[in-house]
Amino acid sequence: NYMRSPLKFKLPREETFPKIDSETYTVQIMTYRRPTTLIQTITYLMQAPSMEKVIVIWNDVDTPVADTDLPRVLQAWPKPVDIVVSRRNDVTARWKWNQRCTTEAVFNIDDDAYINVDAIESAFKVWKHYPDRLVGLYNRAIFLDEATNSWEYALRPTKAKHATKVFGMVIGKTWFAGKTIMKAALESGNPRYKQLQNFLHDPDHERKGCDDIAWNMFLHSEGFPKPVSLTGLPVFGVGQPGVTGYNVSSDQDAKGWLQYRKRCVDELMAIFGATEPPLPEGLLHTVPLKFPSVKYWLRYHRDMRLVKQLLNTM
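Residues numbered from 1 in each chain as written. Predicted model: local features only at pLDDT ≥ 70, side-chain atom pairs only at ≥ 80, totals over all residues. Heavy atoms only, no water.

Q: Which residues make up empty space enclosed by the protein, and what values do they have?
A: Taken as a whole, this structure holds two cavities of 30 Å³ or more when the rule is applied. Approximately 70 Å³ is the volume attributed to the largest cavity. In this structure, the largest cavity is lined by L134, I181, N216, L219, H220, F224, P225, K226, P227 and P280. Counting residues per element, the lining of the largest cavity draws most heavily on helix α7 (residues 211-221), which supplies three residues. A class-by-class count of the residues in the lining of the largest cavity yields seven nonpolar, two polar and one charged. The space that makes up the second largest cavity amounts to roughly 30 Å³. Lining the second largest cavity are T31, Y32, R33, R34, P35, W58 and D60. In terms of residue class, the lining of the second largest cavity is built from three nonpolar, one polar and three charged. (1 Å grid on protein atoms, 1.4 Å probe; cavity = no way out; pocket = protein on both sides within 12 Å on 5 of 7 lines; lining within 4 Å. Points joined across faces, edges and corners; volume = space filled by probe spheres on them. Helix = DSSP H or I, 4+ residues; strand = E, 2+ residues; numbered from the N terminus. Nonpolar A, V, L, I, M, F, W, Y, C, P; charged D, E, K, R; others polar.)

Q: With reference to specific residues and values, describe the packing of helix α6 (residues 192-200) against α7.
A: Running from N to C, α6 and α7 point in directions that differ by 170°, and their axes come no closer than 11 Å. Overall, the two elements α6 and α7 adopt an arrangement that is roughly antiparallel. Contact residues: Y193, L196 and L200 in α6; D211, A214 and F218 in α7. A class-by-class count of the residues in the contact of α6 with α7 yields five nonpolar, no polar and one charged. (Axes fitted to C-alpha atoms, helices over the stretch in contact; angles between N-to-C directions. Parallel < 35°, antiparallel > 145°, perpendicular 65-115°, else oblique. Contact = heavy atoms within 4.5 Å.)

Q: Explain the layout of surface pockets residue by residue, including any values.
A: Estimates place the volume of the second largest pocket at around 200 Å³. Around the second largest pocket, the lining residues are Q28, I57, V84, V85, S86, R87, R88, D90, A93, K96, W97 and N98. Counted by class, the lining of the second largest pocket contains five nonpolar, three polar and four charged residues.

Q: Talk me through the pairing of strand β5 (residues 105-109); I want residue IDs and the actual numbers.
A: Counting buried positions over the five residues of β5 gives five, a clear majority of the element. Summarising the sheet, strand β2 (residues 25-31) and β5 pair through four bridges and their orientation is parallel. Considered in β5, the bridge of Q28 is made with N108. As judged from the five bridges shared by β5 and strand β11 (residues 174-178), these two strands associate in the antiparallel manner. The partner of V106 across the bridge, within β11, is A177. (Buried < 20%, exposed > 50% of the residue type's maximum accessible area, 1.4 Å probe, protein only. Pairing = 2+ DSSP bridges.)

Q: Which residues make up helix α1 (residues 35-45), and what values do they have?
A: Counted residue by residue, α1 has eight buried out of 11 residues, so it is predominantly covered. Within the sequence span of α1, burial applies to T37, L38, I39, Q40, T41, I42, Y44 and L45.

Q: Tell me about the sheet that holds strand β9 (residues 150-154), and please be specific about residues and values.
A: Reading across from one edge, β9-β8-β10 is the order of the three strands in this open sheet, with antiparallel pairing throughout. The sheet is open, and its two borders are formed by β9 and β10 (166-170), each paired with just one other strand. The average angle at which neighbouring strand axes cross in this sheet is 25°, direction not considered. Relative to β9, strand β8 (residues 139-145) is paired through five bridges, and the arrangement is antiparallel. When the sheet's bridge partners are listed, F143 is paired in β9 with E152. Of the strands in this sheet, β8, β9 and β10 are in contact with helix α9 (residues 254-272), which crosses β9 at around 130°.

Printed below as a string of structure tokens:
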């Protein structure tokens, strides 16, 4: 056990009391050709006290689950793990409500990232106050660069705070969402959903790394309230040398990643027929997570380093 108390946070006065009484959440992880990092991530998540179960969306249609270590490891995990095998590699699968989910809240996390479980528990508490919204752990901004008259993607939203036009979003690495949001893609009669799905899976143009921007835009177009984002939380990647993925791409080539995301925004705006990003205007409302003491902060980072070393040797 590392730390068993959630990090502190402060909500606006009108959000003092939770709007929903929910004790547990389901973790959803979409995975593609990374069984080792998937196992590492789930192993760590098993410490989360409010997690009821894990649903794995298996997008690797070419590799049977039985050919990996998952069946063996499943027996050792203390909480249930359901594996849903996709018919095709569909990145929009994580937008959708899964019938195996038995909780109101879903926590989505990438298969090559892990977050301190106390921070996840805190994010869950924040979600209870905003159950009708997407609650992300990391936010981004898209702003108009007046010098070039082009839309730019900012990793640090504060970079865009002085821009005349700013739009906010949360990234897909980690987020909480409720049943209503998760059912939007399933129940929507909006033909644009199919357009977005085709765009993300265009065999001539690799755009799967645009899926979270597309989903933020889709939810905004469907009339959902502005997302909420936590701040102040570092993220750690797991995995073996040579593992590829958008985590790795963004870490190793930040400039290239920004250009990739900028193209996502431009091309998605064209799909929506919009001259501005179809996203909530202004920076997102943020809920800062606070470490109760310097000692806690030092222990947090020490434990994260130790866990990363441990998982990478599994």
